[in-house]
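The residues making up each chain are set out below.
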Amino acid sequence: MKLRKSALTPENYTRAIISLSRRFSSTSAFPGSNYVDIAEWMLLDRGFNSGKSDDDVTNLASTAEQAHDLVVVYNSDDSKWNVRQYSCEQHKAFSADTSVPTEDSGQIVFIRGFISPTWVSAVGSKYNIEPEFFRRHLDFLSASIDRHSYSFPSLGSSSDNIYRLRVSTLLHRDDFGGQDLRSQRSQESKELGIYRIQQLGSGKVRCGDSLVREYSTLCPRFSVIEQWISLCITKTDGGWAAIVWMDQGIPLEKSPPGPWTRHIEAKATPLPIIQYHPKMAFRTTTNRLNTDTNASAEVQQSTAILPLQYDSLIAMVNLARRAPQDPLSMCIPLFAHAAFSEVQFLNLLESRIHVQINAIAEGVVSDALGVLHFFSNILNRHAEQLRDSTRALYKLAERSTQDLNGARSMSPLSKNSTSSTHGGMRTRRQLSETETAKNAGGHVSNGAFTASNLLEDYEGLHVRCTDLSKMCTQGINLAMNKAMIEESRKAIEQSERLKKLTLLATLFIPLSFSSSLLGMNIDLLGQNAVKFWWFFVLCVPITLFAYIFYLWDFRALMRCWAKLWNGFRGLVRDGNGERSKKEQTYMV
């Protein structure tokens, strides 16, 4: 394999980003104000155009507190993988030793955790990576609207070589009991915002630290940590390179603290991401991890170890022969890992949704509306990410198909993007995606994962995520209906109580009237002194009359009155008619 050195130096790469950030709308039709924050961040680690000496320049996260393999490079060879590992301080060795692949060979570069600006310029310059890849992964730097101007997400076609996967880590802890989950979630949301500003947005993050994108408490026993894996597929001189930047680095308890810290201190147990591959039990893996360091971690994440055993995983799923020449085959295990993570997350969330719906059915509504709405927001976020991951997998399959054919064919997406079928069938676009994936996956041996099967898995996960969101909506409707029924029942009970009060008032008002009448200072009934028995003489008839009036059906009374009135008018008419007949007879 012939190797070459990149002509772009790290210094020139940094200057290019700074120059782009200084293009304003008043001077350029292509402003780069959304790169201002990342340009300022890169200046923190270097003295470009700042006039500062080396002693005055901030050494932002150049070293780590403990030994950590920050960058792991897999270089394809004729018979085996050449693996190189670099610590946080070895960015110069990385620039000098590692060469970009050529002649239909491939290379995958894993970045395990946060990296310093020096490492960004070293990796970016070596592989000619678009700065957009780093900006998207470091989106927490541009917290101000004036900085990013709502520029993300942008058009998918403008950066179809940049992808993102979401990996969830489930934390299980003992039920603390008596905690208010609503206030706890609100507090965690505030703490997460503070974490992004005070930790990620400042210079407190060190090289190799793990980053957290989202954190949610699902129930008193389970919470979930969401992290990213950003991928960039770039072409070199006849070859390709895949840059995989992972949020998972050194253990979380040794990284910047966040709302998950108190749960880790409460001995929360992380659940591993369980994967299944055929014949997995009969194959061994190569472990390049310091077992002592990993054993001492309180939160052990499977994703953090994945780059150190990637060649074993490639061989386990029968992609070792295809992966060096095809970035799709090389990235399939990453997509599969994220899919396994999503399966476990959806399984947990589905069980929690069923618990809430069963509680609603049993009449224990409590905070079910807020919980289901909270779950629905999480599911909508995951559904959007699954849709993006499905599109990324399709784009990789399309790229692989074009490379295999030796020429760029017309994308099936452009021909059938607007057509759809009825009756719940998949759209033609989805069918073309599957066909493209099958064409790419058909060159892979009958292993555990092919592009077509994995694409179907992601489509199934997206459908399941959408169904669970609809289940939350149904639970919310059920809770609202139960609440309306409960309110109606309370209204009926209140009307019954009012009926009893009305009945009591019907009995006591005549008594009050009689006592008031007899208590007046007038000569009543022609006597100077009223006897006591006159009270009963007056109140008994009045009470009976009031009770009869209370029990009387006013509609029936009106009907009876109308009937009497009509009868009376009929009698009058009959009397007038007979009198007129008699008068006519007398006249004859």
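Not measured: the values here are computed from a predicted model.

What counts, and where the lines are drawn
Residues numbered from 1 in each chain as written. Predicted model: local features only at pLDDT ≥ 70, side-chain atom pairs only at ≥ 80, totals over all residues. Heavy atoms only, no water. Helix = DSSP H or I, 4+ residues; strand = E, 2+ residues; numbered from the N terminus. Contact = heavy atoms within 4.5 Å. Areas by Shrake-Rupley, 256 points an atom, 1.4 Å probe, with all protein chains shown as cover. Phe/Tyr/Trp six-rings, centres within 6.5 Å; stacked < 30°, edge-to-face > 60°. Buried < 20%, exposed > 50% of the residue type's maximum accessible area, 1.4 Å probe, protein only. 1 Å grid on protein atoms, 1.4 Å probe; cavity = no way out; pocket = protein on both sides within 12 Å on 5 of 7 lines; lining within 4 Å. Points joined across faces, edges and corners; volume = space filled by probe spheres on them. Nonpolar A, V, L, I, M, F, W, Y, C, P; charged D, E, K, R; others polar. Expected span 1.5 Å × (residues − 1). Bend = angle between axes of the 7 residues up to and from the residue. Polar contact = N/O pair within 3.5 Å; in protein donor to acceptor, adjacent residues only side chain to side chain. Core = buried A, V, L, I, M, F, W, Y, C linked by side-chain atoms within 4.5 Å. Patch = residues over 30% accessible without salt bridge, like charges linked within 9 Å, V, L, I, M, F, W, Y side chains within 5 Å. Salt bridge = Lys/Arg side-chain N within 4 Å of Asp/Glu carboxyl O.

> Any chance you could explain the overall build of the chain here in plain terms?
On a plain count of helices and strands, the chain comes out with 18 helices and eight strands. Sequence-distant contacts, at least 24 apart, represent 76% of the contacts inside the chain between residues at least 6 apart. In the form shown here, the chain has an accessible surface area of approximately 31100 Å², with 55% of it arising from carbon and sulfur atoms.

> Sorry if this is basic, but what is going on with the packing of aromatic side chains here?
One pair of aromatic rings is described through two measures. These are the centre distance and the angle between the planes. According to the stated counting rule, one finds 14 aromatic pairs in the structure shown. Seen in terms of ring centroids, Phe 94 and Trp 119 are 5.4 Å apart; in terms of plane orientation they differ by 50°. Their pairing is tilted. Here Phe 94 is found in helix H3 (residues 91–97), whereas its partner Trp 119 is found in helix H4 (residues 117–127), with 25 residues between them in sequence. Accessibility assignment for this pair places Phe 94 and Trp 119 in one class, buried. Seen from their ring centres, Phe 110 and Tyr 310 are 4.9 Å apart, and the 65° between their planes marks the pair as edge-to-face.

> Please explain the side chain of Asp 326 as it appears in this structure.
Looking at where Asp 326 falls in the secondary structure, it is placed in the loop between helix H11 (310–316) and helix H12 (327–361). For Asp 326, a relative accessible area of 1% gives the class buried.

> Explanation requested: the layout of surface pockets in the structure shown.
If you roll a probe as big as a water molecule over the atoms, it shows you where there is empty space left. Taken as a whole, the largest pocket spans an internal volume of roughly 1100 Å³. Taken together, 35 residues make up the lining of the largest pocket; nearest its centre are Asp 139, Phe 152, Pro 153, Arg 164 and Trp 228. The residue inventory of the lining of the largest pocket, partitioned by class, reads 13 nonpolar, eight polar and 14 charged.

> Would you explain H12 in this entry?
Because an α-helix packs 3.6 residues into every turn, residues spaced three or four apart end up facing the same way. Under the 1.5 Å per step criterion, the end-to-end length of H12 is 50 Å for 35 residues, consistent within 8% with the ideal 51 Å. Bending of H12 peaks at approximately 25° at the position of Pro 333. Most of H12 is tucked away: 26 of the 35 residues are buried. Where H12 begins, the capping side chain belongs to Asp 326, and its oxygen is found 3.2 Å from the backbone nitrogen of Leu 328. Among the residues trailing H12, Gly 363 stands out with phi positive, at a value near 95°.

> Mind showing me how you'd approach empty space enclosed by the protein here?
Summed over all chains, the structure comprises two cavities of 30 Å³ or more. Quantified by volume, the largest cavity comes out at close to 60 Å³. Taken together, Arg 166, Ala 338, Ala 339, Glu 342, His 382, Gln 385, Leu 386, Ser 389 and Tyr 458 make up the lining of the largest cavity. Counting residues per element, the ones that place at least two in the lining of the largest cavity are H12 and helix H13 (368–405). Top contributing element to the lining of the largest cavity by residue count: H13, with four residues. The residue makeup of the lining of the largest cavity, split by class, is four nonpolar, three polar and two charged. Its volume calculated, the second largest cavity comes out at about 40 Å³.

> Looking at this model, I keep getting lost on the environment of Phe 152. Mind explaining?
By secondary structure assignment, the location of Phe 152 is in the loop between helix H6 (145–148) and strand S4 (162–172). Linking Phe 152 and Asp 139, residues 13 residues apart in sequence, is a C-alpha distance of 8.9 Å. Setting aside its immediate chain neighbours within four residues, Phe 152 contacts Arg 135, Arg 136 and Arg 164.

> Teacher, can you tell me more about unusual backbone geometry here?
Peptide bonds are mostly trans, and most non-glycine residues show a negative phi. Although it is not a glycine, Asn 128 sits at a positive phi angle of roughly 55°. Structurally, Asn 128 can be placed in the loop between H4 and helix H5 (131–137). In this model, Asn 318 sits at a positive phi of 60°, which is unusual for a non-glycine residue. Residue placement: Asn 318 occurs in the loop between H11 and H12. For Asn 318, a relative accessible area of 33% translates into the label partly exposed.

> What exactly am I supposed to notice about the nonpolar core here?
The nonpolar side chains of a soluble globular protein tend to be buried, and buried together. With 70 residues, the main nonpolar core has Phe 110, Tyr 310, Met 330, Phe 335, Ile 353 and Tyr 458 as its most contacted residues. For this core, the element with the highest residue contribution is H12, accounting for 17 residues. If we skip the residues at most four places from it in the chain, Ile 353 touches Leu 372, Phe 375, Leu 379, Leu 468, Met 471 and Cys 472. Counting residues in each nonpolar core, the second largest holds 51 residues, with Phe 94, Cys 232, Ile 264 and Ala 268 among its members.

> Would you mind showing me how to read a nonpolar patch on the surface here?
Taken together, the side chains of Leu 498, Leu 501, Leu 503, Leu 504, Leu 507, Phe 508 and Leu 511 define a hydrophobic patch exposed on the protein surface, amounting to about 610 Å² of accessible area. Of note, Leu 507 is situated in helix H16 (residues 451–518). Look at Leu 507 and you get partly exposed, because its relative accessible area is 34%.

> Would you mind going over the pattern of salt bridges with me for this structure?
Pairing of side chains with opposite charge becomes possible as their charged atoms draw close. Under the counting rule described, the total for this entry stands at 14 salt bridges. Asp 139 is the partner of Arg 213 in a salt bridge, and the nearest nitrogen-oxygen pair spans 3.2 Å. Taken as a pair, Arg 213 in the loop between helix H7 (181–200) and strand S5 (214–217) and Asp 139 in the loop between H5 and H6 lie far apart in primary sequence, 74 residues in all. We classify Arg 213 as buried; its relative accessible area is 6%. A relative accessible area of 31% places Asp 139 in the partly exposed class. Between Glu 398 and Lys 395 there is a salt bridge, with its nearest N and O atoms 3.6 Å apart. Residue Glu 398 and its partner Lys 395 are located together in helix H13, separated by three residues, close to a single helical turn. With respect to class, Glu 398 is no different from Lys 395; both count as buried. What you see here is one network of salt bridges that share partners, running through Glu 132, Arg 135 and Arg 136.

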